[in-house]
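These are the residues of each chain, in order.
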Amino acid sequence: MELHPIILEDLERITREKIDFEKLRDATVLITGINGMIASYITYTLLYLNETRQLNIKVLGLARNEEKAKKRFGRLLERKDFALLIQDITTPIQTEEKADFIIHAASQTGPRQFVNDPVGTIAANTTGTKNLLDFAVEKKSRGVLFLSTREIYGKSLTGQELVTEEEYGAVDPTLVRSCYPESKRMSETMCAAYKKQYGLNTKVIRIAHTYGPGMLIGDGRVVGDFLKNVIQSQDIVMNSDGSAVLGLTYISDLITGLFFSFLNFDEFVYNVSADNGIVTVKELANMLADMYPEKQIKTVFKEASPEVKAGYLANKIPLLHSKKAMESGWEPKVSLEEGFRRTVAYGEWNEQK
């Protein structure tokens, strides 16, 4: 496969795990949001399995933007085991292809999108999910995996720092910023409803901050903005006092957790977030500056604009407790420093292309 060596190393790590990939042999897998980092890594993993284990998986990638997909996947699109389906998830799925398995990763995920396009955010997470579930019923799919978010937990009612899959807090539905967690909550309920009413094998994984090669740089989120600063040898700008806590998971660890949940684990919902990636915003900024002394990067504070503040969460929400997934067999392997070195190296290479 013609991919960057860092991505190929990640794929080797993912596929060496004790995941029951044999369930995917001779299957067609529909992946939505194919242009995103997570969905693209899922795609790479399945194509890599075809090359290394001859699983004969057909990957069908759904995307809105054909030009962006061609740029991301390049010559991989010439393969017979990979095809694009260009359409908006908010319209009924149109294809004669089968869909043995579906991984639903299409969603707007950036604070700027939540504030500037709340209606579009809601539509992708509700109408889009319903379209996909209806399609799964029609095609008699064997499994549907929905990628959700830690934001569905809302503001903790007990003050705990970590939440399990059974603990829920409050979300203010009148805030425009709530378009994201509230619509994700509804998507989860739809997955549960289709499981009950139609016997559809649906599963949900809830994730937090995922980073790695191919992520959006400078997208208004803390990690993407910090990485842009580092890659371009700029001072790291914090729009807060840096006390907020992040739960970061490197992409290869997230993908192993995703496939474990989908193919090995039995329950409906799992938290998947690395316990070795908990760090404050200030600690992350200082760590990145210290990792690259040759860049002479400093950390600086800048008052956030009203537009940027509008994208912030109104209340602190807890981090994910992934004990259930880890007790079932998933284990994050990549440290924060290793993960960010890999991400920065890929980002610097991409900037020079």
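Residues numbered from 1 in each chain as written. Predicted model: local features only at pLDDT ≥ 70, side-chain atom pairs only at ≥ 80, totals over all residues. Heavy atoms only, no water.

## Some points on the environment of Ile 6
Relative to the elements of secondary structure, Ile 6 occurs in helix α1 (residues 5-15). Its relative accessible area of 12% is what places Ile 6 among the buried residues. It is 8.0 Å that separates the C-alpha atoms of Ile 6 and Pro 213, two residues lying 207 residues apart in sequence. In this view, Ile 6 contacts Pro 213, Tyr 250, Arg 342, Ala 345 and Tyr 346; residues no more than four positions away in its chain are not counted. (Helix = DSSP H or I, 4+ residues; strand = E, 2+ residues; numbered from the N terminus. Buried < 20%, exposed > 50% of the residue type's maximum accessible area, 1.4 Å probe, protein only. Contact = heavy atoms within 4.5 Å.)

## Things to note about helix α7 (residues 179-198)
In a regular helix each residue adds 1.5 Å, so 20 residues correspond to 28 Å; α7 covers 28 Å between its end C-alpha atoms and thus fits that length. Residues Cys 179, Tyr 180, Pro 181, Ser 183, Lys 184, Ser 187, Glu 188, Met 190, Cys 191 and Tyr 194 constitute the buried set of α7. Where α7 is buried, its residues contact α4 (111-116), α5 (118-125), α6 (127-139), β5 (143-149) and β7 (202-207). Following α7 by one or two positions, Gly 199 has its phi on the positive side, about 70 degrees. (Expected span 1.5 Å × (residues − 1).)

## Considerations on the pattern of salt bridges
Using the criterion set out here, one finds 23 salt bridges in the structure. Measuring nitrogen to oxygen at the nearest pair gives 2.7 Å for the salt bridge that ties Glu 51 to Arg 79. Residue Glu 51 is located in helix α2 (residues 37-53), and its partner Arg 79 is located in the loop between α3 (66-73) and β3 (82-86); the two are separated by 28 residues in the primary sequence. For Glu 51, a relative accessible area of 37% puts it in the partly exposed group. Among the salt bridges present, the one from Arg 185 reaches Glu 182, with a minimum N-O distance of 3.8 Å. Highlighted residues: Arg 185 and Glu 182, both in helix α7, separated by three residues, approximately one helical turn. Residue Arg 185 is classed as partly exposed on the basis of its relative accessible area, which comes to 24%. (Salt bridge = Lys/Arg side-chain N within 4 Å of Asp/Glu carboxyl O.)

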